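Structural description and commentary
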Number of protein chains: 2
Amino acid sequence: MGNQNSKQKILLKGAELVHLKGYNNTGLKEILDYAGVPKGSFYFYFKSKEEFGLELLEFHFSFFRKLIVHYFNNTEIDPVNRIKLFFKDFKSLMLSQQCKLGCPIGNIIQEMSSINDNFREKLTSFYKELIGTLNNSLKEAQDNGEISDNLDTYKISEFIINSWQGSIMEMKLLRDIKPLELFEQIVLNNILQLN
Amino acid sequence: MGNQNSKQKILLKGAELVHLKGYNNTGLKEILDYAGVPKGSFYFYFKSKEEFGLELLEFHFSFFRKLIVHYFNNTEIDPVNRIKLFFKDFKSLMLSQQCKLGCPIGNIIQEMSSINDNFREKLTSFYKELIGTLNNSLKEAQDNGEISDNLDTYKISEFIINSWQGSIMEMKLLRDIKPLELFEQIVLNNILQLN
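Summary of the structure given here. (Residues numbered from 1 in each chain as written. Chains lettered and ligands numbered in written order. Predicted model: local features only at pLDDT ≥ 70, side-chain atom pairs only at ≥ 80, totals over all residues. Heavy atoms only, no water.)

Digging into the relation of the copies chain B and chain A
Condition: We place the copies in one frame by least squares, fitting the C-alpha atoms of every residue whose pLDDT is at least 70 in both. Note on contacts: a residue pair qualifies if any of its non-hydrogen atoms lie within 4.5 Å across the two residues.
Between chain B and chain A, which share one sequence, the superposing operator has a rotation angle of 180° and an axial displacement of 0.0 Å; the RMSD is 0.0 Å. As the rotation angle and translation indicate, the two copies are arranged about a two-fold axis. A shared interface surface links the copies, since 100% of the contact residues of chain B are contact residues in chain A too.

Below you can see the structure in the form of structure tokens.
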């Protein structure tokens, strides 16, 4: 007890349970059992369940930030293809979870925004970061002449992220990847107006 | 105790609490206290919390079905204006809740789809009903020449409902109506290709 390894285990196994069952619906005892960490040790690592939840968010953000670097900072491929590849590979990730779990961040936004402002602030700033990342690639695509000059890239980015989240929600409801295929199709054919 | 009035109170007040706090995060005692119904009477009306939850879904569906009849079966205005009016008035409803609560059905889809198949089945069939309703109006709009013949109206309807749900989620996150205004703008200007 008392090492960083146990704390990481609590976060990792906690993330898994919360992804499936929701934050409020996952008990501390359950997380500790699943992580194989002694009962009673939780408060050694986290002051409260809320502190655990907020660290869980950082855990997810850092996973997404790695994806962002991998896909969106890859200047070897053109910006529209970066975007396509990101959404395609995220779709594969969802498929590997049998389309059952959805986006861990979207789930927590839906669950916590109305009841906890500490969660809401952290989630808001990350959501804007995600929109900003997409916007940077779309601006580059506009400069390259890949997409129409008429598009307001920030608004389009915001709408794309929102419709992506809504499509992930339908995916989870139907337990079927089709809503994410439809999302890609409409974004590419109807929204981005590829030149 | 034992009258339909008490059962309705439990559903009505329960709906309010679940809308704010989530289904799993709302306790039975809390609902009964809020509804002013005697403790212990819950199991007189519902076999289990799950049965309450499933009746709560029907309660929301019937609210939405009334909206659907009011907006989508109104043949006095043309189909694109019916759609516009529905989304506009729903936006006002969200504003009246300070953009805090989101869509009661979207919230429960997000919370319950991964963990309860009885919820998931009911929610799936209602979600398809909603897409079907929008599709009927879009087909009519296509027949009238209001929107382009090139659109696959069912796919567009499905995507619109998904992006609407995602936009409601961002609204809730930001506690700001702008995501729903953006939704209307992109659907009308970029997706529906109004003639």
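Points about the interface of chain B and chain A
Applied cut-off: Buried area: the sum, over both parts, of the accessible surface (1.4 Å probe) that disappears when the two are put together. A side-chain nitrogen of Lys or Arg and a carboxyl oxygen of Asp or Glu constitute a salt bridge if their distance falls within 4 Å. For the purposes of these results, a polar contact is taken to be a pair of N or O atoms within 3.5 Å, where, inside protein, one atom must be able to donate a hydrogen and its partner to accept one; residues adjacent in sequence count only when each atom of the pair is a side-chain atom. Working definition: helices are DSSP H or I runs of at least four residues, strands are E runs of at least two. Numbering for both runs from the N terminus.
Contact residues are listed per partner, giving 43 residues for chain B and 43 residues for chain A. In total, chain B and chain A occlude about 4000 Å² of area from one another, counting both sides; carbon and sulfur atoms represent 60% of this. It is Gln110, Met169 and Leu173 of chain B in chain B that bury the most area against chain A; as a group they hold 18% of the surface buried on that side. At the junction of chain B and chain A, the tally comes to 2 salt bridges. Residue Arg175 of chain B pairs with Asp117 of chain A through a salt bridge whose shortest N-O separation is 3.9 Å. Remark: the boundary between chain B and chain A carries 11 residue pairs in polar contact (both at pLDDT 80 or more). Only helix 1 (4-21), helix 6 (104-112), helix 7 (117-143), helix 8 (153-174) and helix 9 (178-191) of chain B provide two or more residues apiece to the side of chain B that touches chain A. When residues in the side of chain B that touches chain A are grouped by element, the largest group, 14 residues, is from helix 8 of chain B.

Side note on the packing of helix 8 (residues 153-174) of chain A against helix 9 (residues 178-191) of chain A
Helix-helix packing is characterised by the crossing angle of the two axes and by the distance between the axes. Residues and elements named next belong to chain A. Heads up, the rule is: Interaxial angle, 0 to 180 degrees, is taken between N-to-C directions of lines fitted to C-alpha atoms, where a helix line uses only the stretch in contact. Small angles under 35 degrees read as roughly parallel and large ones over 145 as roughly antiparallel, with 65 to 115 read as roughly perpendicular and the rest as oblique. Put simply, a crossing is left-handed when the front helix is turned counterclockwise from the back one by less than a right angle, and right-handed when it is turned clockwise. Note on residue categories: nonpolar means Ala, Val, Leu, Ile, Met, Phe, Trp, Tyr, Cys or Pro, charged means Asp, Glu, Lys or Arg, and polar means any other residue, Gly included.
As a packed pair, helix 8 and helix 9 sit with axes 8 Å apart at the nearest point and diverge in direction by 155°. Classified by the interaxial angle, the pair formed by helix 8 and helix 9 is roughly antiparallel. Between helix 8 and helix 9 the crossing geometry is right-handed. Two secondary-structure elements touch here, helix 8 through Ile156, Phe159, Ile160, Ser163, Trp164, Ser167, Ile168, Glu170, Met171 and Leu174 and helix 9 through Pro179, Leu180, Phe183, Val187 and Ile191. By residue class, the composition of the contact of helix 8 with helix 9 is 12 nonpolar, 2 polar and 1 charged.

Some remarks on the side chain of Glu158 of chain B
Tracing the backbone shows Glu158 of chain B in helix 8. Sequence-distant contacts of Glu158 of chain B, defined by excluding residues within four places in its chain, comprise Glu170, Pro179 and Leu182 of chain A together with Ile131 of chain B.

Focus: the nonpolar core
Soluble globular proteins tend to pack their nonpolar side chains together in the buried interior. Threshold: Side-chain atoms within 4.5 Å link the members of a nonpolar core, which is a set of buried Ala, Val, Leu, Ile, Met, Phe, Trp, Tyr and Cys residues. Classification of residues uses two cut-offs on accessible area relative to the type maximum, computed with a 1.4 Å probe and protein chains only: under 20% is buried, over 50% is exposed, and between them is partly exposed.
Ranked by internal contacts, the top residues of the largest apolar core, which has 128 residues, are Trp164 of chain A together with Trp164 of chain B. Those residues within four positions of Trp164 of chain B in sequence are excluded, and the remaining contacts are Phe64, Phe86, Phe87, Phe90, Leu130, Leu180 and Phe183 of chain B.

A look at the pattern of salt bridges
Where charged atoms of side chains with opposite charge meet at close range, the side chains can pair. For the structure shown, the criterion picks out 24 salt bridges over all chains. Of the charged contacts in the structure, one is a salt bridge between Asp176 of chain A and Lys178 of chain A, with a shortest N-O distance of 3.4 Å. Salt bridges linked by common partners bring Asp117 and Arg120 of chain A together with Arg175 of chain B together as one network.

Points about the packing of aromatic side chains
For the record, the criterion: Pairing of aromatic side chains here covers Phe, Tyr and the six-membered ring of Trp, requires ring centres within 6.5 Å, and sorts the geometry by plane angle: under 30 degrees stacked, over 60 edge-to-face, intermediate tilted. For a Lys NZ or an Arg CZ to count as sitting over a ring, it must be within 6 Å of the ring centre and within 35 degrees of the ring normal.
This structure, assessed with the given rule, holds 37 aromatic pairs over all chains. Arranged with centres 4.3 Å apart and planes meeting at 10°, the rings of Phe61 of chain B and Phe126 of chain B form a pair that is stacked. Taken together, the residues span a long stretch of sequence, with Phe61 of chain B in helix 4 (residues 49-72) and Phe126 of chain B in helix 7 at a distance of 65 residues. Of the residues examined, Phe126 of chain B reaches a relative accessible area of 2% and is grouped as buried. Ring geometry for Phe86 of chain B versus Phe90 of chain B: centroids 6.3 Å apart, planes at 35°, classification tilted. On the criterion of helical spacing, the pair formed by Phe86 of chain B and Phe90 of chain B is a turn pair, its members being 4 residues apart in helix 5 (residues 79-96). We note that Phe86 of chain B, like Phe90 of chain B, is buried. Counting every residue linked through ring pairs, the aromatic cluster contains Phe61, Phe63, Phe64, Tyr71, Phe72, Phe86, Phe87, Phe90, Phe126, Trp164 and Phe183 of chain A. Over the aromatic face of Tyr23 of chain A sits the side chain of Lys49 of chain A, whose NZ or CZ is 4.5 Å from the ring centroid. The residue whose ring lies beneath Lys13 of chain B is Tyr34 of chain B, and the NZ or CZ to ring-centre distance is 4.8 Å.

Digging into empty space enclosed by the protein
Note the threshold: Residues are said to line a cavity or pocket when one of their atoms sits within 4 Å of a point; the points come from a 1 Å grid over protein atoms alone, cavities being sets where a 1.4 Å probe fits but cannot get out and pockets being open sets with protein on both sides within 12 Å along at least five of seven lines. Grid points are joined across faces, edges and corners, and a volume is the space filled by probe spheres set on the points.
Taken as a whole, this structure holds 7 cavities of 30 Å³ or more when the rule is applied. Each pocket or cavity is described by its volume, and for the largest cavity that value is around 200 Å³. Elements supplying a minimum of two residues to the lining of the largest cavity: helix 1 (4-21) and helix 6 (104-112) of chain A together with helix 1 and helix 6 of chain B. Residues of the lining of the largest cavity, tallied by class, amount to 5 nonpolar, 10 polar and 6 charged.

Just distances and angles here, no functional claims.
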